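# Summary of structural features
This is what each chain is made of:
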Amino acid sequence: MGKVKRGYGLAGAMLLLGGAVMTRAQAPERHVWTGVYSQEQAERGKIAYAENCAACHGDTLAGIDVAPALVGPTFLNNWNNTSAGDLFARIQTTMPLNAPGSLGGRKVADIEAYMFEANGFPAGDLALPPNAALMPNVRIVAQKPEPSVAGPACKCGE
Ligand code: HEC
């Protein structure tokens, strides 16, 4: 790949993202401990969760009967080392169980943000994007990694 082409690729990526709130088109792989959703988004998600999910998964996300917990070690263990995009797709295509596919991308992202907050992941400046394709490299990591290994300031590989 030549230098000129790379420049065009970046311009193309930014065009594609359009009005999305992304400041770094070439962001390296991130994980959920680096602040991948916004506080405001999690607050919207809390309301959407209460309307669409709480009846089965419980007000505190602890699970009821056959509907599993969406917080805590079992949940995190199920999703450890997958991506935010995987979880997004799972929710959007299979949940709510009684009306799968009924939620728009923005609502799914808001609910996922709320689930991240409930699992103790920190909020950041940018909202989780409303489309699984925009977040394939946001990894879900159950345990907070050592800051020296994967701090947000790391420019490794650039
Ligand atoms: C009608 C009841 C019902 C509703 C409403 C519902 N769920 Fe579920 N959910 C279930 C059941 C039962 C399972 C387990 C069986 C399955 O995976 O299909 C499940 C599984 C899940 C899983 C997989 C958990 C894991 O650890 O693998 C996620 C994530 C999830 N639900 C999220 C949601 C979200 C987010 C909403 C709201 C948008 C929602 N659910 C609404 C019943 C429900």
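Criteria and cut-off values
- Each chain has its residues counted from 1, following the order in which its sequence is written.
- Local features in this predicted model are restricted to residues whose pLDDT is 70 or higher, and side-chain atom pairs enter the listing and the counts only when it is 80 or higher, whereas totals over whole chains, interfaces and linings include all residues.
- Here, nearness is defined through the C-beta atom: a residue counts as near a molecule or strand if that backbone-placed atom lies within 6 Å of it.
- Numbering of helices and strands starts at the N terminus; helices are DSSP runs of H or I of at least 4 residues and strands are runs of E of at least 2.
- Lys, Arg, Asp and Glu make up the charged group, whereas Ala, Val, Leu, Ile, Met, Phe, Trp, Tyr, Cys and Pro make up the nonpolar group; the residues left over, Gly among them, are polar.
- As used here, a nonpolar core is made of buried Ala, Val, Leu, Ile, Met, Phe, Trp, Tyr and Cys residues. They are joined through C-beta atoms within 7 Å.
- Exposure in this text rests on C-beta crowding, where 20 or more other C-beta atoms within 10 Å of a residue's own make it buried, 12 or fewer make it exposed, and counts in between make it partly exposed. The C-beta atoms are placed from the backbone.
- Each residue gets a C-beta atom placed from its backbone, and two residues are in contact if those atoms lie within 7 Å.
- This arc corresponds to the set of directions leading from the helix axis out to the C-beta atoms.

By the naming in an unreviewed UniProt entry, the chain is Cytochrome C, taken from Sphingobium chungbukense.

### Describing the site of the ligand
Around the ligand, the structure places 20 residues, and the nearest of them are C53, C56, M95, P96 and L97. Going through the elements one at a time, α3 (54–57), α4 (73–79) and α5 (84–94) are the ones with two or more residues in the shell around the ligand. Split into classes, the residues belonging to the shell around the ligand amount to 14 nonpolar, 5 polar and 1 charged.

### Comments concerning the nonpolar core
V32, Y37, A84, F88, I111, A113 and L128 are the most contacted members of the largest nonpolar core, which has 30 residues in total. Those elements that place two or more of their residues in this core are α2 (39–52), α4, α5 and α6 (105–118). Residue contributions to this core peak at 7 residues, all from α6. Not counting the four nearest positions on each side in its chain, A113 is found in contact with Y37, Q41, A42, G45 and L128.

### Some points on α5
Two residues of an α-helix separated by three or four positions point the same way, owing to the 3.6 residues in each turn. Restricting attention to buried positions, one finds in α5 the residues A84, G85, L87, F88, I91 and Q92. Within α5, the buried residues cover an arc of 160° as seen down the axis, which keeps them to one side. Along α5, exposed side chains directed more than 90 degrees from the buried face belong to T93 and T94. Tucked inside the fold, the buried residues of α5 contact α4, α6 and β2 (138–139).

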